[in-house]
Amino acid sequence: MAFISMQGISLAFIGVRLLDEVNLTIERGEKVGLVGRNGAGKSTLLRLIEGSVKPDSGIVALQKGAYSAYLSQEVPQELPGTVFDVVASGSREYVDLTAGNPSQSARLPQAGTPPLHDNVDTAEGWHKRDQVSRSLSQLGLDADRTFTSLSAGLKRQVLLKRALLGEPDILLFDEPTNHMDIDSIKALEQMVARYTGALIFVTHDRMFLQKIATRIVEIDRGRLFDQTCDYETFLARRSADREAEETQNALFDKKLKQEEQWIRRGVEARRTRNEGRVRDLKKMREMRGSRRDQLGTVKMEAQEAERSGTLVAKAVDMGFGYGNAEVISNFSTMILKGDRIGMLGPNGSGKTTLLRLLLGMLSPTTGTIRLGANLKISYSDQLLEQLDENKTVIENVGDGNDTVTVNGKSRHIIGYLQDFLFSPDQARSLVSVLSGGERKRVMLARLFTRPSNLLVLDEPTNDLDIETIDLLEGLLMSYTGTILLVSHDRAFINNIVTSTIVFEGDSVVKEYVGGYDDWLRQRPAQAKPSKDSASKQSAPPAQAPKAKLKLKFSEQKELGALPQTIERLEREQHELFQAAGDPGHYKQDRGDIVATNDRLEEMKRLLVEAYARWEELEQLNLDAESNKPSR
C-alpha cells in the first residue's frame, strides 16, 4: 500500500469544485511541493490528508500506523499556554491524552485544554521535557514565556518545533517560510533535506521550492498536474501542457462552431437524417459547457505621482538605538530616484526601524538623514494592519467611494477589483472571511490606488501565489519611482532590487550592489586574522596626508560644470522613463528594448557618480575656504 493514497476525491466549496475526482499517491521519502492559484485548494488538500476536512466523495487512506503533523498557514494569535506547553503538545502521548483516544494527527491544543505539565505527568511523558527544552534552547527562548507574547516569526518557529517533536512519518506544511528570516529558512531547508518521511508542502518561496521538492503537484481547475521533477523543469513542462491545451480547445471550438452552423440550416440536417451527428453535437455542447477554462491573471497598475527630486534620502554616519541597545551604527547611504533597495536581516534586527529612519518617521541618535523633495509615499505593512477586517473589500479599497482613480482614469470599484480576481460577491464580502492570499491582494489593490513616487513594501510576497508574485515583479520592474523593499523571499530580492542593505549583526549595516546572490558573493569572508595582519595591527598608524589648501583649476572647472551635467543626465533619464512607459515601446525589436533598459541603468550609475563627485569637490572647496589665513 502507498504511504498516502487518495482515490476518486471530489470536494466542492460554495458551488466551486476544488477537486474533481482526483487521484494521488505519495510514497515515503517523497518531498511534494503543492502549487496553484490562491483558492485553488492547496490548503484543503493538506487538510484532507491531515483529516480535519472530509471529501464529498472518494477515499483518503494513510499507511497503518503512520503519524502526521500539520503546520497551518495562519499563525494563531490567541493560543493559550507557555512556549513549553505549545511545543510539548506535539508529542504523541499528549495528543492521545487530550483527544481522549488514539490519534494519528498532531493538532494544536484548543482553548481550555488542561496545562501541559499536568498532562505530561499524568501520561508519564516527562521524558519529553528534555527534548522540548533542547528545542527551545536552539531558539534562545524562555520555556515559561507566553506564546501570545512572541513575534510572528518566533511563533512560526515554535509551531515548527511542535510539529517535529512527535517525530512524524508525514509532514504537512502550509507556507512554512512565512514570517521567517533567511537564516531560519536555510535551517529549515537543511532539516527537511534530512527528513526521511513523506513531506507535502505549500509554499510561495520559489527558491525553497526549487531546493526541496522532488515532485511538483499543481491544482488547476479541480485537476492535478503531477510531475516528478524539480520546479524549473515543472515550469517548462506546464508551459508545454498549457500550449497543447489551448491548441486542442481552439480546434474543438472551431469544430463546434461548424456543427452549430450545420444544425441551424435545419432542412438539410433533417433531409440527411444524420441522427448520429446530432447526438455528437449535443455531447460537444455538454463538453463545452462543463469545460473550465484557464483562470485569468491579476492586472496590476500602480498609480504614480509626479516625479520626486533626484535625491530621495541621504544618510551620513547615522546611528540609532533603543535605550542602551544600539540597533544601527555609522550607516551611510544615498538613495536616488528610481533605485530599488532591498533589506535583508534576521527578524528583530532593525529593518523596520531603518525604514522609519529613511522615511523621516524617526530621528537618528547620531549622524544625519536628509530627505528629498516632493516624496509621495505608499506603504504596505507586513501584517496588513491597514485593512479593517470588519469592513468589506470595497470599503477597504474605495474608502466609501464607488469609483477609484488610477493614473488619471476613473474606474468603478467593482471593475477595478475584478482586475485583482475578486468577483462582485467577493468584493462585497468582509475582509475577515478572506484567505491570506486574498487579503494580500486587497492590500495591493488598495496600495495601487494611492499616487506614489516611493513604494515601501514589507514582506509583499507572503501568502501570494507564485503567478501573482511573477506579475508583481513585472509591475515593480516597470515602476519609475523608488522602491524600499523588506523581504525574506530570496528569488524576489534577486529579481527586483538594484542594491541590498544587509544587517550583519552587532548594529553593523552595510549596502551591496545587486540582490541576494550578489550579496553572497560580495560579503567579506569570515576568516581568522593571520599573524601578518596581527603584526600590522600592532604597528603605529601612518599619519593621514594633510588636506589640500585649494582646488586645482581643473577641479574648480569640474565643480562648476557638475550642476549642468546632472541636469542633462536627469533630463535624459526622464525621457528614457517616458519611452519605457509607452505601450509601443515593447513592440520594438528586443535589441532596442534591451538597449533602452541598459541605458536607464547607466543613467542611474552616472547620476550616483556625479552626485558623489559633486559632494566630494564641494567638501574640498569648503576645507580650502576654512584653511585660508584670516586677514
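### Brief notes about the overall build of the protein chain
Inference 1: Along the backbone of the protein chain there are 22 helices and 21 strands.
Inference 2: Evaluated residue by residue, the protein chain yields a buried proportion of 46% over its 631 residues.
Inference 3: On the protein chain, roughly 32400 Å² of surface is accessible, and the fraction owed to carbon and sulfur atoms is 50%.

### Quick word on the sheet that holds strand 15 (residues 377-380)
Inference 1: An order of 15-18-19-13-20-21 is seen for the six strands of this open sheet, with the pairing classed as mixed. Because the sheet does not close on itself, it has two edges, and the strands there are strand 15 and strand 21 (509-513). Here the average twist between neighbouring strands, direction ignored, is 15°.
Inference 2: Sheet analysis places strand 13 (residues 340-344) next to strand 20 (residues 499-503), joined by four bridges and oriented parallel. When the bridges of strand 20 are listed, Ile 341 appears paired with Ser 499.
Inference 3: Strand contacts of helix 16 (residues 436-447): strand 15 and strand 18 (454-458), with the helix running at about 175° to strand 15, the strand carrying the most contacts.

### Notes on helix 6 (residues 152-165)
An α-helical segment advances 3.6 residues per turn. Residues three or four places apart therefore align on the same side.
Inference 1: When the terminal C-alpha atoms of helix 6 are compared, their 20 Å separation across 14 residues agrees well with the 20 Å that a helix rising 1.5 Å per residue should span.
Inference 2: Of all 14 residues making up helix 6, eleven are buried, and the element is well covered by its neighbours.
Inference 3: When we look at burial in helix 6, the residues that qualify are Gly 153, Lys 155, Arg 156, Gln 157, Val 158, Leu 159, Leu 160, Lys 161, Arg 162, Ala 163 and Leu 165.

### Digging into the pairing of strand 13
Looking along a regular strand, one sees side chains alternate from face to face of the sheet.
Inference 1: The buried count for strand 13 comes to five of five residues, which makes it a mostly enclosed element.
Inference 2: Burial along strand 13 is two-sided: the face carrying Arg 340, Gly 342 and Leu 344 and the face carrying Ile 341 and Met 343 are both buried.
Inference 3: Relative to strand 19 (residues 482-486), strand 13 is paired through four bridges, and the arrangement is parallel. By the bridge assignment, Arg 340 is partnered in strand 19 with Ile 483.

Calculation criteria
Throughout, a residue's number is its position along its own chain's written sequence, starting from 1. In view of the model being predicted, local features appear only for residues whose pLDDT reaches at least 70, and side-chain atom pairs are presented and counted only at 80 or more, with totals across whole chains, interfaces and linings using the full set of residues. Computation of side-chain values: all heavy atoms of the structure, hydrogens and water removed. Helix and strand assignments come from DSSP, with helices taken as H or I runs of at least 4 residues and strands as E runs of at least 2, each series counted from the N terminus. Accessibility here uses a 1.4 Å probe with only protein chains present; expressed as a share of the type maximum, an area under 20% marks a residue as buried, one over 50% as exposed, and anything in between as partly exposed. Only the protein chains shown count as cover for residues, and all accessible areas are computed by the Shrake-Rupley method using a 1.4 Å probe. In this description, strands pair whenever DSSP reports at least two bridges between them. Only C-alpha atoms enter the line fits that serve as axes; for helices the fit covers just the stretch in contact. Angles between N-to-C directions range over 0 to 180 degrees. Contact between two residues is taken to exist if any of their heavy atoms lie within 4.5 Å; hydrogens are not considered. Given the number of residues in a helix, its expected span is that number minus one, multiplied by 1.5 Å.

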